[in-house]
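# Reading the structure
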Amino acid sequence: MAFQILLNLMIAFLWMFLNNDWTASGFIVGYVLGIAVLLAMRRFFDGRLYLGKVWAIVKLAGLLLRELVVSSYIVVKAVLRPNLNIRPAILMYHTELESDWEVAVLITLLCLTPGSVVLEVSKDNRTLYIHAMDIQDVEQFGANIRNTFERAILEVTRS
């Protein structure tokens, strides 16, 4: 992936040099031209084009922003309600993530979203103990984490 990015940047600067156009628009044209060259030559590279991983990172950041907004709204609504009608719980969540980096990203995402905090991680990094502010259904909560955050993290790290 780093080689593809470097090659794309080199093509962009070569384009700027050949056209004697040292502006941002000249760089953008050269960069897009570099992407086209990489697409044409992608069979010579290992794995997929780096833009797929960049897109997966953008989707993960968008997912985090969406979850921040939705969970912040839920927390504010629960706090401003006259009677506090929440069901806090501490639950054990088994993750399918394997590397320390993947688990650390999951923990960070869970702690950044209001209403949930990771309290403890098992020694094998496969079990997380999570405190959640309001739990309707434990199975649905775990499935929500697995289908949103874990899937997005796996798309970034293993694609």
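What counts, and where the lines are drawn
- Residues numbered from 1 in each chain as written.
- Predicted model: local features only at pLDDT ≥ 70, side-chain atom pairs only at ≥ 80, totals over all residues.
- Heavy atoms only, no water.
- Helix = DSSP H or I, 4+ residues; strand = E, 2+ residues; numbered from the N terminus.
- Rg over C-alpha atoms; globule rule 2.2 N^0.38 Å.
- Buried < 20%, exposed > 50% of the residue type's maximum accessible area, 1.4 Å probe, protein only.
- Contact = heavy atoms within 4.5 Å.
- Areas by Shrake-Rupley, 256 points an atom, 1.4 Å probe, with all protein chains shown as cover.
- Axes fitted to C-alpha atoms, helices over the stretch in contact; angles between N-to-C directions.
- Parallel < 35°, antiparallel > 145°, perpendicular 65-115°, else oblique.
- Left-handed = near helix turned anticlockwise from the far one by under 90°.
- Nonpolar A, V, L, I, M, F, W, Y, C, P; charged D, E, K, R; others polar.
- Pairing = 2+ DSSP bridges.

Time to look at the overall build of the chain. Scanning the chain for helices and strands turns up five helices and three strands. Helices (α) and strands (β) of the chain occur, in sequence order from the N terminus, as α-α-α-β-α-β-β-α. Computed over its C-alpha atoms, the radius of gyration of the chain comes to 22 Å, more than 25% above the 15 Å expected for a compact globule of 159 residues. By its C-alpha atoms, the chain is 70 × 35 × 20 Å across when sized along the principal axes. Counting over 159 residues, the chain shows a buried share of 33%. For the chain, the proportion of contacts with a sequence separation of at least 24, taken over those separated by at least 6, is 64%. Of the roughly 10,200 Å² that the chain leaves accessible, carbon and sulfur atoms contribute 66%.

Following both chains from N to C, one finds helix α1 (residues 2-19) and helix α2 (residues 24-40) inclined at 130°, their axes separated by 7 Å at the closest point. What the angle tells us is that α1 and α2 run oblique. For the element pair α1 and α2, the recorded crossing hand is right-handed. Judged by residue contacts, Q4, L7, N8, L9, I11, A12, F13, W15 and M16 of α1 engage G26, F27, V29, G30, Y31, L33, G34, I35, V37 and L38 from α2. Among the residues making up the contact of α1 with α2, the classes are represented as 14 nonpolar, five polar and no charged.

Reading across the sheet, the three strands line up as β1-β3-β2 and stay open at both edges, with antiparallel pairing between neighbours. Two strands bound the open sheet, and with one partner strand each, they are β1 (89-94) and β2 (116-121). Mean inter-strand twist for the sheet, computed between neighbouring axes without regard to direction, equals 30°. Here β2 pairs with strand β3 (residues 127-132) via five bridges, running antiparallel. Its bridge partner lying in β3, V118 is registered against I130. Its contacts with the sheet put helix α4 (residues 100-112) on β1, β2 and β3, and the angle it makes with β2 is roughly 145°. The strands that helix α5 (residues 138-157) touches are β1 and β3; relative to β1, the one it contacts most, it runs at about 50°.

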